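# Per-entry structural report
These are the residues of each chain, in order.
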Amino acid sequence: MEVMALKVFDLQCEQNHVFEGWFGSADNYESQQARGLLSCPVCNSHQVSKKLSAPRLNVSHIKAQAQAAQPSAAKTAPDAGRVAQMQAEALRHIRRMIRNTENVGVRFADEARRMHEGEVEERAIRGTATPQEREELARDGIGVMPIPDFLDDERLQ
Ligand SMILES: [Zn+2]
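Rules behind the numbers
- Residues numbered from 1 in each chain as written.
- Predicted model: local features only at pLDDT ≥ 70, side-chain atom pairs only at ≥ 80, totals over all residues.
- Heavy atoms only, no water.
- Core = buried A, V, L, I, M, F, W, Y, C linked by side-chain atoms within 4.5 Å.
- Buried < 20%, exposed > 50% of the residue type's maximum accessible area, 1.4 Å probe, protein only.
- Helix = DSSP H or I, 4+ residues; strand = E, 2+ residues; numbered from the N terminus.
- Contact = heavy atoms within 4.5 Å.
- Donors = N, O, S within 2.8 Å, 3.2 Å for Na, K, Ca; no water.
- Tetrahedral: all angles 85-135°; square planar, octahedral: opposite > 155°, others 65-115°.
- Pairing = 2+ DSSP bridges.
- Axes fitted to C-alpha atoms, helices over the stretch in contact; angles between N-to-C directions.

### Some words on the nonpolar core
Among the nonpolar cores identified, the biggest contains 13 residues, and Val3, Phe108, Ala112, Ile125, Leu137 and Val144 are the most heavily contacted of them. Counting only elements with at least two residues in this core, the list comes to strand S1 (2–5) and helix H4 (108–116). At four residues, the largest contribution of residues to this core is made by H4. The residues contacting Leu137, other than those within four sequence positions of it, are Phe108, Ala109, Ala112, Arg113, Ile142 and Val144.

Following this line, the structure appears as structure tokens:
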């Protein structure tokens, strides 16, 4: 199965809305933040920074992203149109993440573990992993996201 390394950060805007941001690597977060590409899903503020917390793991399904785009601390429920817009934005974001990964093929589990242990520099990678490899990565606290077929541009070529 095709997978990619995933970092999930709790982000916070200047108005203290808290939401999840998904990134291929910590560097991806840094560069997106530096370029002002991050915005709060509630108020659209670009004053977004990382809330300090442990990365969340075991994200196993694309549906989680739709939820992730919904702010956990929002006091007002967004209307349906806004939700659809956020979901579309979330899918675009995931596509972009996938496109910006380096494909390491069957070496994925190995590579992800070496990055996790600091043996090699962390970067955004994708590749293939067996169910057993995925289980072992999850057990070691290494975030991995399955790449759904419909989001895999390379496979369509
Ligand atoms: Zn906000």
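### What to know about the coordination of the zinc ion
Reference values for coordination geometry: four tetrahedral donors around a metal ideally subtend 109.5 degrees, six octahedral donors ideally subtend 90 or 180 degrees. Coordination of the zinc ion by the protein involves Cys13 (SG), His17 (ND1), Cys40 (SG) and Cys43 (SG), with metal-donor separations of 2.0 to 2.3 Å. Angles of 99 to 114° at the metal separate the four donor atoms of the zinc ion, which places the site in the tetrahedral class.

### So, the sheet that holds strand S7 (residues 144–146)
Ordered in space as S5-S6-S1-S7, the four strands form an open sheet in which the pairing is mixed. On the outer flanks of this sheet lie strand S5 (102–103) and S7, each paired with one strand and no other. Pairing of S1 with strand S6 (residues 125–128), which is carried by three bridges, proceeds in the antiparallel orientation. Following the sheet pairing, Val3 is matched in S6 by Gly127. Together, S1, S6 and S7 form the strand contacts of H4, whose direction differs from that of S6 by roughly 145°.

### A few points about the pairing of strand S3 (residues 18–23)
S3 sits mainly inside the fold: five of its six residues count as buried. Here strand S2 (residues 7–13) runs beside S3; their pairing, made up of six bridges, is antiparallel. When the bridges of S3 are listed, Leu11 appears paired with Phe19. The hairpin formed by S2 and S3 contains four residues between the paired strands, and Asn16 there has a positive phi angle of roughly 65°.

### Some thoughts on unusual backbone geometry
Although it is not a glycine, Asn16 sits at a positive phi angle of roughly 65°. Positive phi is not limited to glycine here, since Asn44 has a value of about 65°. As for its placement among the helices and strands, Asn44 is situated in the loop between helix H1 (26–34) and strand S4 (48–50). According to the relative accessible area criterion, Asn44 is partly exposed, its value standing at 45%.

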